[in-house]
There are 2 protein chains.
Amino acid sequence: MDKHQKWMHQALALAEKGRGNTSPNPMVGAVLVKDSKVVGEGFHQKFGGPHAEVGAIAQAGESAKGAMLYVNLEPCSHEGKTPPCALKIINAGISEVFIGMIDPNPQVNSRGIRLLQDAGITVHVGLLEDEARQLNRGFIHTFEKKRPWITLKMAQTADGYIADVSGKSQWISSSVAREFVMNQRTQHDAIMVGMGTVFKDDPGLLPVNRDGFIPYRVVLDDILRIPSRLRLVSDEFRNRTVIVTTTDEKKQKIKQLIGSGVQIMHVPGDSFGWIDLPKAMGQLAEFGITSIYSEGGSQVAGSLIQQGLVDEIQLFVAPKALGEGISTFSGFMKSLDSAIQLEWEDVQMLGPDVLIRGRLA
Amino acid sequence: MDKHQKWMHQALALAEKGRGNTSPNPMVGAVLVKDSKVVGEGFHQKFGGPHAEVGAIAQAGESAKGAMLYVNLEPCSHEGKTPPCALKIINAGISEVFIGMIDPNPQVNSRGIRLLQDAGITVHVGLLEDEARQLNRGFIHTFEKKRPWITLKMAQTADGYIADVSGKSQWISSSVAREFVMNQRTQHDAIMVGMGTVFKDDPGLLPVNRDGFIPYRVVLDDILRIPSRLRLVSDEFRNRTVIVTTTDEKKQKIKQLIGSGVQIMHVPGDSFGWIDLPKAMGQLAEFGITSIYSEGGSQVAGSLIQQGLVDEIQLFVAPKALGEGISTFSGFMKSLDSAIQLEWEDVQMLGPDVLIRGRLA
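Residues numbered from 1 in each chain as written. Chains lettered and ligands numbered in written order. Predicted model: local features only at pLDDT ≥ 70, side-chain atom pairs only at ≥ 80, totals over all residues.

Colleague: Any chance you could explain the overall build of chain A here in plain terms?
Modeller: Assigned secondary structure in chain A consists of 11 helices and 17 strands. The C-alpha atoms of chain A give a radius of gyration of 23 Å, which matches the 21 Å a tight globule of 361 residues would have. Each principal axis of the C-alpha distribution contributes one length, and for chain A these read about 70 × 50 × 40 Å. For chain A, the proportion of its 361 residues judged to be buried stands at 50%. (Helix = DSSP H or I, 4+ residues; strand = E, 2+ residues; numbered from the N terminus. Rg over C-alpha atoms; globule rule 2.2 N^0.38 Å. Buried ≥ 20, exposed ≤ 12 C-beta atoms within 10 Å, placed from the backbone.)

Structural data, given as structure tokens:
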């Protein structure tokens with residue numbers, strides 16, 4: 001790893017500190033280096049707050065003059081909630097800028113780079129670009145597709161069951177796999193489940209560390225059946241719960257839920273009267289959720305995959321056989337010739353289980 | 001790799017040449033080395049034929065005196081179909097012997113080693129033992145368990161189906177996976193299927209190279225339903241087909257099959273009248289089959305795994321989703337608490353598919 005990569009890694013690590021607080025804006029970290037020493041650091045701490053570059057420049061003070069800036073995302077060129085960073089960089093006298101990736105925001109999209117170059121600053125684009133894109137994949141995806149990045153998690157037996165015939169699914173996969181899942185929760189803006197899972201498990205869907213970032217908990221509840229005693233609408237984090245529903249008839253229940261701090265999102269029904277998932281995803285993106293970790297059961301998984309609303313698949317295959325049980329997907333039936341095509345990208349052992357990662361082809 | 005490993009590898013490669021012709025005896029290769037030069041080579045070419053050491057010693061002639069012998073299996077100490085090799089080694093004046101593994105045959109089992117040592121020969125045991133055991137796992141297993149080593153192959157979709165609802169399974173997995181399977185066929189003494197697969201696919205179950213070793217093709221056909229026009233009982237290799245059946249009533253059919261060269265094996269029925277699988281496996285071992293590659297469908301796979309008759313699992317997971325289809329196993333239904341426990345040992349990408357290898361826990 002050369003020194004430029006080292007400092008960009010530092011910028012990426014700083015950016016990560018903003019996880020969960022910057023959406024729908026990106027996570028950004030900035031490091032100012034002069035004479036091989038870090039003279040300023042900053043990161044985008046929360047949505048609407050000062051940008052990373054501002055903090056780094058302020059910390060560096062006079063040392064910013066002639067320094068090198070490392071930032072994982074192109075500095076902005078537009079007046080938004082804060083003045084454009086590109087101008088701040090020029091005014092501070094910074095001489096060289098290393099950028100992880102171009103800002104896909106059409107208001108920026110290389111304009112920031114051009115501003116810097118026009119001012120005589122040497123600009124390098126694409127340093128650790130893969131890492132930069134991975135970090136802000138939700139932000140990028142939301143810009144490009146107008147819906148959140150959706151990771152579909154499934155844990156099944158060797159013979160493809162997510163639960164036994166009685167519906168018991170705790171636990172198909174091992175504690176190692178479950179720890180991985182807990183960690184994934186903090187890598188997404190929201191966790192999503194359907195009412196099948198809510199009724200069966202009354203899940204909390206919280207990360208291990210409850211003092212840090214708490215992702216939104218999205219519940220797909222078409223006719224608003226969720227009992228108010230369940231965790232997701234009664235625990236201390238209930239203001240991080242978003243109930244997606246098609247009904248606005250249950251006025252009393254809606255009022256009570258909103259009163260307790262739960263968020264209600266009304267979305268149109270599809271032709272069957274169920275939640276129109278593409279529309280729901282669009283509204284969740286507008287709400288500020290750029291990435292979703294789906295931990296639902298057969299119904300939610302089946303709907304998402306059938307409707308092409310999956311960007312990453314995490315399939316845990318446990319070393320168990322049930323012979324019969326609840327299938328991984330419900331709601332569709334394909335012939336081999338018309339099968340939904342996936343693409344495996346990576347596979348690994350995770351404790352006693354296998355984790356296959358892939359996506360829709 | 002040191003020089004000793006190199007020569008033992010050469011012995012293993014020679015042993016491999018006997019594949020398919022030595023069962024139920026082991027595959028054995030022998031290399032004689034003197035002054036860092038190979039002076040003699042031999043391998044066990046066929047059941048009942050001369051042992052590997054004999055060929056190597058004959059080839060070396062006078063040079064065998066003072067040479068080092070590399071052999072993947074302990075030289076025999078008993079008069080069998082041929083005189084004991086240990087005596088031949090002693091008489092040839094060989095000074096040092098490297099052995100891959102001890103012969104599990106209770107008639108040998110370290111007696112060969114002791115004979116050599118008593119004659120003043122330096123003996124090293126366990127050089128490349130893992131490779132030696134892998135090569136002869138069928139032979140070892142048959143000795144220890146009195147039934148063949150059984151490798152269970154399954155190819156399923158991401159959601160655990162081996163065929164779509166119409167029964168179509170060609171092809172769930174890719175050509176890369178199918179090539180792997182074709183290659184596995186020559187690594188086992190026999191391929192096994194049930195009548196479901198025979199009726200559906202009319203398979204040939206042949207390896208790519210039809211001039212080399214042709215494994216036995218075992219068909220589980222309880223009431224002898226196999227139509228005589230199907231490949232397994234009519235192609236040029238029909239004398240390599242073994243029909244395992246519980247019935248001896250269909251005299252005419254049995255006579256006709258035997259007359260055409262097909263082998264018929266009568267086994268008792270179990271309490272349901274189906275083939276008693278443990279007994280069938282015992283009889284197949286006595287017949288000389290030390291390893292089986294099961295390519296059957298849900299019925300055969302379900303019966304084998306439920307009855308603990310599986311030594312290796314090869315589970316191909318294809319990047320496809322069907323939503324509904326034919327399940328991987330049939331014939332049992334377990335709760336999560338009583339699930340059949342497996343153990344994954346290794347996982348890899350194989351073309352577009354994932355191959356998980358494991359065993360019963």
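Colleague: Help me out: how do you make sense of the nonpolar core in this one?
Modeller: If you look at soluble globular proteins, the nonpolar side chains tend to sit buried side by side. Counting residues in each nonpolar core, the largest one holds 130 residues, and the members touching the most others are V218 of chain A together with V218 of chain B. In this structure, V218 of chain A is in contact with A190, I191, M192, V242, V244, L284 and I292 of chain A, ignoring residues within four places of it in sequence. (Core = buried A, V, L, I, M, F, W, Y, C linked by C-beta atoms within 7 Å. Contact = placed C-beta atoms within 7 Å.)

Colleague: Is there a simple way to explain helix α1 (residues 3-16) of chain A in this structure?
Modeller: Residue pairs three or four apart in sequence face the same way in an α-helix, which turns once every 3.6 residues. Residue and element names in this part refer to chain A. Between its first and last C-alpha atoms α1 spans 20 Å; for 14 residues at 1.5 Å apiece the expected length is 20 Å, and the two agree. Along α1, the residues classified as buried are W7, M8, A11, L12, L14 and A15. Projected down its long axis, α1 carries its buried residues within an arc of 160°, all on one side. Exposed and oriented more than 90 degrees from the buried face of α1 are K3 and K6. On its buried face, α1 is in contact with β1 (29-34), β2 (37-43), α2 (52-60), β3 (68-73), β4 (96-101) and α5 (129-135). (Expected span 1.5 Å × (residues − 1). Arc of directions from axis to C-beta.)

Colleague: Would you explain the sheet that holds strand β4 (residues 96-101) of chain B in this entry?
Modeller: Across a sheet, strands are paired by hydrogen bonds formed along the backbone, either parallel or antiparallel in direction. Residues and elements named next belong to chain B. Read across the sheet, 5 strands follow the order β2-β1-β3-β4-β5 without closing on themselves; strand pairing throughout is mixed. Both edges of this open sheet fall to β2 (37-43) and β5 (122-125), since each of them pairs with a single strand only. Sheet twist, expressed as the mean angle between neighbouring strand axes with direction ignored, is 15°. (Pairing = 2+ DSSP bridges. Axes fitted to C-alpha atoms, helices over the stretch in contact; angles between N-to-C directions.)

Colleague: I would appreciate a short explanation of the interface of chain A and chain B in the present structure.
Modeller: Interfaces are often sized by the amount of accessible area the parts lose when they come together. Each partner contributes residues to the interface: chain A has 42 residues there, and chain B has 43 residues. In terms of residue count, the dominant contributor to the side of chain A that touches chain B is strand β16 (residues 340-350) of chain A (8 residues). Considered class by class, the residues forming the side of chain A that touches chain B number 23 nonpolar, 12 polar and 7 charged. Pairing between strand β14 (residues 320-321) of chain A and strand β16 (residues 340-350) of chain B: 2 bridges, direction antiparallel. Within the sheet, the bridge partner assigned to K320 of chain A lies in β16 of chain B and is Q341 of chain B. (Nonpolar A, V, L, I, M, F, W, Y, C, P; charged D, E, K, R; others polar.)

Colleague: Looking at this model, I keep getting lost on the pairing of strand β5 (residues 122-125) of chain A. Mind explaining?
Modeller: Both faces of the sheet carry side chains from a regular strand, because those side chains alternate between them. All names here are of chain A. Note: β4 against β5, 4 bridges, orientation parallel. Across the sheet, the residue bridging to I99 is V125, located in β5. Handedness of the β4-helix α4 (residues 111-118)-β5 crossover: right-handed. (Right-handed = clockwise from strand over helix to strand, strands pointing away.)

Colleague: What is the right way to read the sheet that holds strand β10 (residues 241-245) of chain B from this model?
Modeller: Read from one edge of the open sheet, 10 strands run β14(A)-β16(B)-β17(B)-β13(B)-β6(B)-β12(B)-β8(B)-β9(B)-β10(B)-β11(B), paired in mixed fashion. The sheet terminates laterally at β14 of chain A together with β11 (263-266) of chain B, the two strands that pair on one side only. Running over the sheet, helix α12 (residues 298-306) of chain B touches β14 of chain A together with β6 (149-157), β8 (190-194), β9 (216-220), β12 (291-294) and β16 of chain B and is turned about 130° from β6 of chain B.

Colleague: I tried to follow the relation of the copies chain A and chain B on my own but got confused; where do I start?
Modeller: What connects the two chain copies is a rotation about an axis and a shift along it. With an RMSD of 0.1 Å, the fit of chain A onto chain B corresponds to turning through 180° and sliding 0.1 Å along the axis. What the rotation and shift describe, once combined, is the action of a two-fold rotation axis. Among all residues of chain A, the one whose C-alpha sits closest to the rotation axis is G160 of chain A, at a distance of 2.0 Å. The share of interface residues of chain A whose copies in chain B are also at the interface is 100%, consistent with both copies meeting through the same surface. (Least-squares fit on C-alpha atoms with pLDDT ≥ 70 in both.)

Colleague: Explain the pairing of strand β12 (residues 291-294) of chain A here, please?
Modeller: Residue and element names in this part refer to chain A. Burial along β12 is two-sided: S291 and Y293 facing one way and I292 and S294 facing the other are all buried. As paired elements, strand β6 (residues 149-157) and β12 share 4 bridges and run parallel to each other. Directly across from T151, in β12, lies its bridge partner Y293. Relative to β12, strand β8 (residues 190-194) is paired through 3 bridges, and the arrangement is parallel. Bridged to A190 within β12 is I292.

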